[in-house]
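An overview of the molecular structure
What follows is each chain in one-letter form.
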Amino acid sequence: MQKLALHLLIALPLLLAACGARHPSGATNYRVVRTLPHDPDAFTQGLLFHDGKLYESTGLYGQSTLREVNLETGEILRQHKLPRDLFGEGLAIYSNRLYQLTWREEIVMVYDLETFRPLGNFPIEGEGWGLAIWSNQFVASDGTATLRFYDPATKQSVRSITARDGDKPIVELNELEVVEGELWANVWHDDRVVRIDPLTGKALGWLDFSDLVPDGLRDSTEAVLNGIAYNPETRRVYITGKNWPVLYEIEMTTPPAP
Ligand SMILES: [Ca+2]
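Chains are numbered independently. Their residues run from 1 in the order of the written sequence. In keeping with the model being predicted, local features are shown solely for residues with a pLDDT of at least 70 and side-chain atom pairs are shown and tallied solely at 80 or more, while totals for entire chains, interfaces and linings include all residues. Each side-chain value is derived from all of the structure's non-hydrogen atoms; neither hydrogens nor water enter the calculation.

**Let's talk about the packing of aromatic side chains**
Stated precisely, the cut-off is as follows: Here a Phe, Tyr or Trp ring, Trp counted by its six-membered ring, pairs with any other such ring whose centre lies within 6.5 Å, and the pair is stacked when the planes are under 30 degrees apart, edge-to-face when over 60, and tilted otherwise. A helix here means a DSSP run of H or I that spans at least four residues, while a strand means a run of E at least two residues long, and both kinds are numbered starting from the N terminus. Burial classes: relative accessible area under 20% of the type maximum marks a residue as buried, over 50% as exposed, and values in between as partly exposed (1.4 Å probe, protein chains only). Placement of a positive charge over a ring is assigned whenever Lys NZ or Arg CZ falls within 6 Å of the ring centre and within 35 degrees of the normal to the ring plane.
Within this structure, the stated rule accounts for 14 aromatic pairs. Centroid distance Tyr-55 to Phe-116: 6.4 Å. Interplanar angle 50°. Geometry classified as tilted. Note that Tyr-55 is positioned in strand S3 (residues 53-58) and Phe-116 in the loop between strand S8 (107-112) and strand S9 (118-123), a separation of 61 residues in sequence. Across this residue pair, the class does not change: Tyr-55 and Phe-116 are buried. Geometrically, the ring pair formed by Tyr-99 and Phe-138 is edge-to-face, given 4.7 Å between the ring centres and 70° between the ring planes. Remark: Phe-138 occurs in strand S11 (residues 137-141) and Tyr-99 occurs in strand S7 (residues 97-102); sequence separation between them is 39 residues. For Phe-138, a relative accessible area of 3% puts it in the buried group. These aromatic residues form a ring-pair network of at least three members: Phe-43, Tyr-61, Phe-87 and Trp-103. The ring of Trp-206 is capped by Arg-192, whose NZ or CZ atom sits 3.9 Å from the centre of that ring.

**What about the coordination of the calcium ion?**
Formally: Metal donors: N, O and S atoms at distances within 2.8 Å, or within 3.2 Å for Na, K and Ca, with water omitted from the atom set so that some sites may seem incomplete. Here the metal geometry follows the donor angles, with tetrahedral for four donors whose angles all fall between 85 and 135 degrees, square planar for four and octahedral for six when opposite donors are more than 155 degrees apart and every other angle is between 65 and 115, and irregular for all the rest.
Surrounding the calcium ion are the protein donor atoms Leu-47 (O), Glu-175 (OE), Glu-175 (OE), Leu-176 (O), Glu-177 (OE) and Ile-228 (O), at 2.4 to 2.8 Å. Geometry at the calcium ion is irregular, judged from the 6 donor atoms that bind it and their angles of 46 to 174° at the metal. Positions of the donor residues of the calcium ion along the chain correspond to the pattern L-x127-E-L-E-x50-I. Linking Glu-177 in strand S16 (residues 173-179) with Ile-228 in strand S20 (residues 225-231), this pair joins segments that are 51 residues apart in sequence.

**Re the confidence of the model for the protein**
For clarity, the threshold we go by: Across the chain, each position has a pLDDT score giving the predictor's confidence in that residue, from 0 to 100. Between two residues, a contact is recorded if the distance between any of their heavy atoms is within 4.5 Å.
When pLDDT is averaged along the protein, the result is 90; 89% of the residues meet or exceed 70. Segment residues 8-23 is flagged for pLDDT under 50; beyond a separation of four residues in sequence, or across chains, it makes 4 contacts in the model.

**Quick look at the sheet that holds strand S12 (residues 146-150)**
So the rule is basically this: Criterion used throughout: strands pair if DSSP finds at least two bridges between them. Under this scheme, a helix contributes an axis fitted over its contacting stretch, all axes are lines through C-alpha atoms, and angles between N-to-C directions fall in the 0 to 180 degree range.
With antiparallel pairing, 4 strands are arranged side by side in an open sheet as S10-S11-S12-S13. Here the strands that pair on one side only, and so sit at the sheet edges, are strand S10 (131-134) and strand S13 (157-162). The average angle at which neighbouring strand axes cross in this sheet is 25°, direction not considered. Pairing of S10 with S11 involves 4 bridges; the strand directions are antiparallel. Within S11, the position partnered with Leu-131 by the bridge is Ala-140.

Structure, rendered in structure tokens:
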């Protein structure tokens with residue numbers, strides 16, 4: 001029995017790691033593992049990890065970019081500048097293509113992942129804020145409490161949910177990230193991230209990042225928390241904000257069992 005217990009002890013974390021993508025994170029708290037540099041000129045609108053690489057979308061007219069960033073140094077490894085009349089927003093990768101939302105231009109830009117070569121765009125109705133992939137569908141926020149899911153093949157909306165904390169709709173959902181099956185969202189002008197059930201819209205909990213807002217930016221109405229990326233290989237979450245000089249590597253923690 002002792003030997004079996006030992007095997008289970010060794011196997012269990014591996015099993016949990018392997019199943020991680022299908023299990024809710026249950027994260028109710030976090031620990032900052034590392035504080036890394038981030039380009040203070042980046043008006044961050046989308047952030048994601050893919051195959052060990054960090055990708056970012058930045059906004060503002062005349063300054064919007066799609067970029068690959070060195071996680072350790074914050075250096076821009078390569079970037080594509082958007083035309084001056086496009087305002088970059090949420091970013092997602094699906095089937096070796098990058099998809100970048102635009103704010104009020106009602107188009108989604110498409111790029112080749114390997115080369116950053118623009119491959120065209122497709123229309124989307126309404127404002128574009130955050131973008132992620134959940135269960136092989138795009139999920140997009142538009143500044144309201146509504147999250148719309150799109151079929152990547154047809155680009156048509158297939159369903160929507162309303163994010164609610166109890167009965168109260170959670171408005172101004174912004175940057176999105178799928179973390180272990182949950183949908184995490186920045187709330188604009190809020191230092192917290194809400195964890196949402198992607199099937200129902202129900203808030204599963206909140207993570208308070210107010211302690212991470214850099215000094216000097218606490219009173220800013222623009223340089224707010226916005227940017228969540230998740231690396232499933234390490235189970236680390238990355239958090240930054242618009243024009244923040246830092247990016248935080250986060251380890252999710254749960255409170256000890258009572
Ligand atoms: Ca994200």
